[in-house]
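Remarks on the overall topology
Chain by chain, the residues run as shown.
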Amino acid sequence: MIVGYLLYDVNPPEGFNLRRDVYIRIASLLKTLLKSENWVLVLPPWGRLYHWQSPDILQVRIPWSDFFDVPSLNRNIPVIEYEQFLAESGGPFIEQIYVLQGYAEGWKEGTWEEKIDEKPCIDQLMYSKDKHAYYRGWFWGYEETRGLNLSCLSVQGSASIVAPILLRNTSAQSVMLDRAENLLHDHYGGKDYWNTRRSMVFAKHLRVVGDEFRNKYLQSTDEADRTHYKEDWTQMKVKTGTARGGPYLGVHLRRKDFIWGHREDVPSLQGAVKKIRSLLETHKLQKVFVATDAVEEEVELLKKLLPEMVRFEPSWEELELYKDGGLAVIDQWICAHARYFIGTSVSTFSFRIHEEREILGFDPKTTYNRFCGDKEKNCEQPTHWKILY
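An unreviewed UniProt entry lists the chain under the name GDP-fucose protein O-fucosyltransferase 2, with Patagioenas fasciata monilis as the source organism. Regarding the chain, the relevant UniProt record gives this comment under Sequence similarities (unreviewed entry): "Belongs to the glycosyltransferase 68 family." UniProt, in the comment section headed Pathway (unreviewed entry), describes the chain in these words: "Protein modification; protein glycosylation."

Spelled out as C-alpha cells, the structure:
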C-alpha cells in the first residue's frame with residue numbers, strides 16, 4: 001500500500017535537460033524515503049518550456065512516456081504519471097505544497113552545513129488562494145488541480161535532507177516540492193547517480209526514428225558502429241572504448257541566448273565551421289550531423305558554409321507528433337552515436353549527450369570536446385567521468 005505520493009516542480013525558465021538532472025536528485029530522495037515507508041514518485045508533466053517555441057502546437061500536460069520509457073524508470077524507483085495519480089488519489093488535490101528556497105541570510109563562506117527549516121516565504125509565491133482557500137497555481141497546465149496547504153522550506157543541502165520532514169513533520173499523503181532545483185545531488189557521479197541516469201531510457205518510438213535516420217542518411221547501424229543496445233538497462237554493461245560510432249561527426253552548436261550569455265566561449269559560425277572542417281579531416285569523415293537552436297538565417301548560412309551538413313528536419317506532422325522535446329531527444333540520440341562528438345560549453349544539452357555516450361561505451365576522447373570562442377585563450381575541455389555499475 002502506498003503511504004505517500006511525492007510530486008515536484010522546477011523553476012519555470014529551466015529547460016528540458018536541467019529538469020532531467022533534477023529528476024536524478026529527486027530519485028535519490030525517493031530512495032531514502034523507501035527505506036522507511038512506501039512512497040511513489042509522481043512524474044511532473046512536461047510543458048511550456050522556454051526552448052519549445054514551435055508555433056501552433058499545444059505543448060502542455062505532456063506525459064513522460066512521450067519522451068522516456070516509463071517501465072525503465074520503474075526498474076530504478078517506483079514512478080507513475082500524473083494522470084494515474086489523479087485516478088488513484090481521489091481527485092485533483094495536493095495536500096501539502098512545500099516551496100523550497102535558500103536562506104534569507106545567504107550562505108556564509110567557510111561555514112557550509114546541510115540544514116532545512118520552515119521559514120517565511122522570501123519571494124512572491126506563484127500561487128494564489130481562491131474563495132475556498134485552496135491554492136491555485138501552474139500545476140503543469142492542470143487548472144483543476146489545487147493545493148490544500150502551503151509553506152516554505154529554506155534548504156541548504158542534498159535532496160535527502162527533505163526526507164525527515166516528509167517522514168515525520170507531515171501526515172499529508174500527497175506532498176509537492178516546488179523549486180526542487182534548490183536541492184543538490186546526494187552522490188553526484190556515484191553508483192546511485194548512474195543507476196538513475198541509465199534508467200532514463202529514451203522512449204522507443206523516438207529511438208527508432210533516430211536509428212532510421214542514422215541508417216538512411218549517415219550509413220550508421222548498431223552492428224557496424226558497435227553500439228549494441230539492450231532494452232533492459234540493468235542488463236547493459238559495456239566497456240569504455242568498445243563503441244566505434246557511425247561514420248559522421250556529431251555536433252551540438254548552441255546559439256540563441258548563449259551568443260550573448262556566454263560570449264567568450266561560443267564561436268562565431270565561421271569559427272565553428274573552421275573547427276568542424278578540421279575535425280572532419282582529422283577523423284577522415286565525410287558527413288557532419290548538426291543539432292542546433294540557430295535561427296533560420298544562421299542555418300541557411302551554415303548550409304552554404306558546410307554543404308556536407310545533415311540535420312533532422314521534421315515535417316509538420318512529425319513536429320506535431322514528437323513535439324519540440326521529442327525532436328531534442330532524436331537530435332541527442334543521433335549525436336550520441338557519432339564517431340566523434342563536439343558540443344557547446346556549459347550546455348546541459350551537450351552534458352546529456354556526454355552521459356549517453358558513456359552509457360554506450362565510447363572512448364572519452366571522442367566525447368568530451370567543446371567548441372572554443374574565437375578569442376578564447378585558455379580553452380579548457382570538459383572533464384570526463386567514469387560510469388559506475
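Some details on the domain arrangement of the chain
The domain architecture assigned to the chain consists of domain 1 (4-192) and domain 2 (203-366). Each of domain 1 and domain 2 has a C-alpha centre, and these two points are 30 Å apart. Counting residues at the interface gives 24 residues for domain 1, matched by 24 residues for domain 2. Approximately 1,900 Å² of surface area, both sides summed, lies buried where domain 1 meets domain 2, with 53% of it carried by carbon and sulfur atoms. Taken as a group, N17, I57 and F67 account for 28% of the area that domain 1 buries against domain 2, more than any other trio of residues on that side. One can count two salt bridges joining domain 1 with domain 2. With a shortest N-O distance of 3.7 Å, R75 and D232 are connected by a salt bridge. The tally of links between domain 1 and domain 2 comes to eight residue pairs in polar contact (both at pLDDT 80 or more).

Concerning helix α5 (residues 191-199)
With respect to burial, α5 is a largely interior element, eight of its nine residues being buried. Residues of α5 that are buried include every one of D192, Y193, W194, N195, T196, R197, R198 and S199, and no others. At its buried positions, α5 is contacted by α1 (16-34), α2 (70-74) and α12 (348-360).

Digging into the pattern of salt bridges
This model, assessed by the stated rule, comprises 23 salt bridges. Between E144 and R61 there is a salt bridge, and its shortest N-O distance comes to 4.0 Å. With a gap of 83 residues between them, E144 in the loop between β7 (135-136) and β8 (146-156) and R61 in the loop between β2 (39-43) and α2 connect regions that are remote in the sequence. Two residues, R352 and E355, come together in a salt bridge whose shortest N-O distance is 2.9 Å. Here E355 and R352 lie together in helix α12, a separation of three residues that amounts to about one turn. Judged on exposure class, the residue R352 and its partner E355 are both buried. Among the ionic contacts, a cluster of salt bridges with common partners joins D21, R25, R197, R352, E355 and E356.

Description of the state of the cysteines
Taken as a whole and judged by the stated rule, the model has two disulfides. Note that C121 is cross-linked by a disulfide to C152, the S-S spacing being 2.0 Å. Looking down the S-S bond of the C121 and C152 bridge, the torsion is 100 degrees, so its handedness is right-handed. Placement of the pair is C121 in the loop between β5 (115-119) and β6 (128-129) and C152 in strand β8, with a sequence separation of 31 residues. Take C121: its relative accessible area is 34%, and that puts it in the partly exposed class. With a relative accessible area of 2%, C152 lands in the buried category.

About the criteria used
Residues numbered from 1 in each chain as written. Predicted model: local features only at pLDDT ≥ 70, side-chain atom pairs only at ≥ 80, totals over all residues. Heavy atoms only, no water. UniProt positions renumbered as here; feature names shortened; annotations may be inferred. Domains from an automatic or database assignment. Contact = heavy atoms within 4.5 Å. Buried area = accessible area lost by both parts, 1.4 Å probe. Salt bridge = Lys/Arg side-chain N within 4 Å of Asp/Glu carboxyl O. Polar contact = N/O pair within 3.5 Å; in protein donor to acceptor, adjacent residues only side chain to side chain. Buried < 20%, exposed > 50% of the residue type's maximum accessible area, 1.4 Å probe, protein only. Helix = DSSP H or I, 4+ residues; strand = E, 2+ residues; numbered from the N terminus. Disulfide = S-S within 2.5 Å.

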